[in-house]
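Close look at the chain arrangement
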Amino acid sequence: MSLLYTSDATRGRIWRDIFAAQASAIGFVDPGDAYDPATIRYLAAWNPSADLIATLPALEVLFSIGAGIDQFDMASLPPHVRVVRMIEPGITQGMVEYVTMAVLALHRNLIDHGIAQREARWAPIKLVPADQRRVGVMGLGHLGQAVLGALAPFGFALSGWSRSAHAIDGVECHAGDDGLTAFLSGCDILICLLPLTPQTRGILCRDTLFQLPAGAAIVNVGRGAHLVEQDLLSLIDEGHVSGAVLDVFDPEPLPADHPFWAHPRILMTPHIASMTRADSAAQALIANIHRHEAGQPMEGEVARQRGY
Ligand code: NDP
Ligand code: OXD
């Protein structure tokens, strides 16, 4: 029984050593090894081709090497193959750090101060106390809840929105289409931590962003296709949205002539909010394979028909 790994070579070398030391019963192979495709029960990959999947008759589980699974071509995957997203402490820590940085930058008016600096203009802005700054998270999953936990000690007024109802201490929770308007109207800073599904594609559009209070700002760390770019640009031009911190784009890399690059009210990073950490991810993967073999639920298993 083997795991086929088809991603970054540096991480692959670390995983190979960890599997050899801690889970030698699971053979670890990559495309450079001579292996019998009929022995591959597990595939760890970012975006495996349909051609590769077709060569693996014994495939049981497809593990994403990242937290998202929207990159998978589910149609090419036999219905019995289980799909698992990556949940590991490195991804969570990275996301918590990034969103905290983005929220504090927006809360402390870094976009306006940056514009003033480039114009050599001394322009103090009155502080808004954190308890008067309303911060809302779309997506109350593994990462959304971790981010809310990290923001709580600053004293922000926190809220969240998800598909099903949640109850989280210190967070005003909203759910479903019926809860969206009330949620949006109470977000001075809106963070998108949704998975990309047919229901969430384009969710950050004029219709929703216009329901934010005037002057609100957004942080998109979900997926680029959550955002309708032209709608964001026009709402910034109109002054309804004051700025954005964007880590994800559609497509990636973003073309060099895209208006986001030079926009004074947009802070951009190249999809680095968090990254799978090699050592802790290997442990998470091994633990999930053991769970699968023991007939237990795997952490991060995706409901394929739901899309996340
Ligand atoms: P989870 O699956 O744990 O959580 C998803 C959350 O989104 C759940 O709360 C779910 O609701 C909610 N949701 C899903 N669909 C809808 C909908 N139609 N309406 C309202 N809420 C919805 O995901 P994670 O927290 O692990 O990850 C979230 C995303 O973050 C990833 O899919 C990926 O796109 C992105 N990401 C980005 C990274 C980066 O570097 N920029 C790194 C890692 C992840 P419910 O709780 O009711 O099921
Ligand atoms: C992920 C990502 O899904 O990097 O892990 O976006």
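Residues numbered from 1 in each chain as written. Chains lettered and ligands numbered in written order. Predicted model: local features only at pLDDT ≥ 70, side-chain atom pairs only at ≥ 80, totals over all residues. Heavy atoms only, no water.

1. Regarding the site of ligand 2
Every residue near ligand 2 is listed here: W46, G66, A67, G68, R223 and H271. Contact distances for ligand 2 include 2.8 Å between an oxygen atom and a side-chain N or O atom of R223. Burial of ligand 2 by the protein amounts to 82% of the accessible area it has alone, namely 210 Å². Of the residues contributing to the shell around ligand 2, the split by class is 2 nonpolar, 3 polar and 1 charged. (Near = heavy atom within 4 Å. Polar contact = N/O pair within 3.5 Å; in protein donor to acceptor, adjacent residues only side chain to side chain. Areas by Shrake-Rupley, 256 points an atom, 1.4 Å probe, with all protein chains shown as cover. Nonpolar A, V, L, I, M, F, W, Y, C, P; charged D, E, K, R; others polar.)

2. Some words on the pairing of strand 6 (residues 134-138)
The buried fraction of strand 6 amounts to 4 of the 5 residues, a majority that puts the element mostly inside the structure. As paired elements, strand 6 and strand 7 (residues 157-162) share 5 bridges and run parallel to each other. The partner of R134 across the bridge, within strand 7, is A157. Once the chain exits strand 6 it traverses helix 5 (residues 142-151) before rejoining the sheet at strand 7, and the crossover so formed is right-handed. Bridge analysis of strand 6 against strand 9 (residues 189-192) gives 4 bridges, and the strand direction is parallel. Note that in strand 9 the partner of G136 across the bridge is L190. (Buried < 20%, exposed > 50% of the residue type's maximum accessible area, 1.4 Å probe, protein only. Helix = DSSP H or I, 4+ residues; strand = E, 2+ residues; numbered from the N terminus. Pairing = 2+ DSSP bridges. Right-handed = clockwise from strand over helix to strand, strands pointing away.)

3. Examining the site of ligand 1
R85, L140, S164, H166 and Y308 are the nearest of the 27 residues found near ligand 1. One of the side-chain nitrogen or oxygen atoms of H166 is found 2.6 Å away from an oxygen atom of ligand 1. Here V221 contributes a backbone N or O atom positioned 3.1 Å from a nitrogen atom of ligand 1. For ligand 1, the protein covers 93% of the area, taking 950 Å² as the surface of the free molecule. Those elements that provide at least two residues to the shell around ligand 1 are helix 5 and strand 7.

4. Description of the nonpolar core
Soluble globular proteins tend to bury their nonpolar side chains together. In this structure, L3, W15, F19, F63, I191 and V221 are the most contacted members of the largest nonpolar core, which totals 53 residues. Per-element accounting of this core gives the leading share, 8 residues, to helix 3 (residues 89-107). Counting contributing residues, this core receives three or more from each of domain 1 (2-88 + 276-293) and domain 2 (90-268). Here F63 is in contact with L3, Y42, L43, A44, A45, F72, V84, L285, N288, I289 and M298, once residues within four sequence places are set aside. If you look at the next biggest cluster of nonpolar residues, it comprises 27 residues, including C187, L209, A216 and L233. (Core = buried A, V, L, I, M, F, W, Y, C linked by side-chain atoms within 4.5 Å. Domains from an automatic or database assignment. Contact = heavy atoms within 4.5 Å.)

5. Section: the domain arrangement of the protein chain
According to the domain assignment, the protein chain consists of domain 1 (2-88 + 276-293) and domain 2 (90-268). Taken together, the contact pairs 12 residues of domain 1 with 7 residues of domain 2. Summed over both sides, the interface between domain 1 and domain 2 buries roughly 660 Å², with carbon and sulfur atoms accounting for 55% of that surface. Its largest share of buried area at the contact with domain 2, domain 1 owes to D70, I87 and E88, together 61% of the area lost on that side. Our count for the domain 1 to domain 2 interface comes out at 1 salt bridge. One salt bridge in this structure joins R223 and D70, with 3.0 Å as the shortest N-O distance. (Buried area = accessible area lost by both parts, 1.4 Å probe. Salt bridge = Lys/Arg side-chain N within 4 Å of Asp/Glu carboxyl O.)

6. Observations regarding the packing of aromatic side chains
Counted under the stated rule, the structure contains 6 aromatic pairs. Ring centres of F19 and F28 lie 5.3 Å apart, and the angle between their planes is 50°; on these two criteria the pair is classed as tilted. Judged by relative accessible area, which is 9%, F28 ranks as buried. Directly above the ring of Y308 sits R306, whose terminal nitrogen or CZ lies 3.9 Å from the centroid. (Phe/Tyr/Trp six-rings, centres within 6.5 Å; stacked < 30°, edge-to-face > 60°. Lys NZ or Arg CZ within 6 Å of the ring centre and 35° of its normal.)

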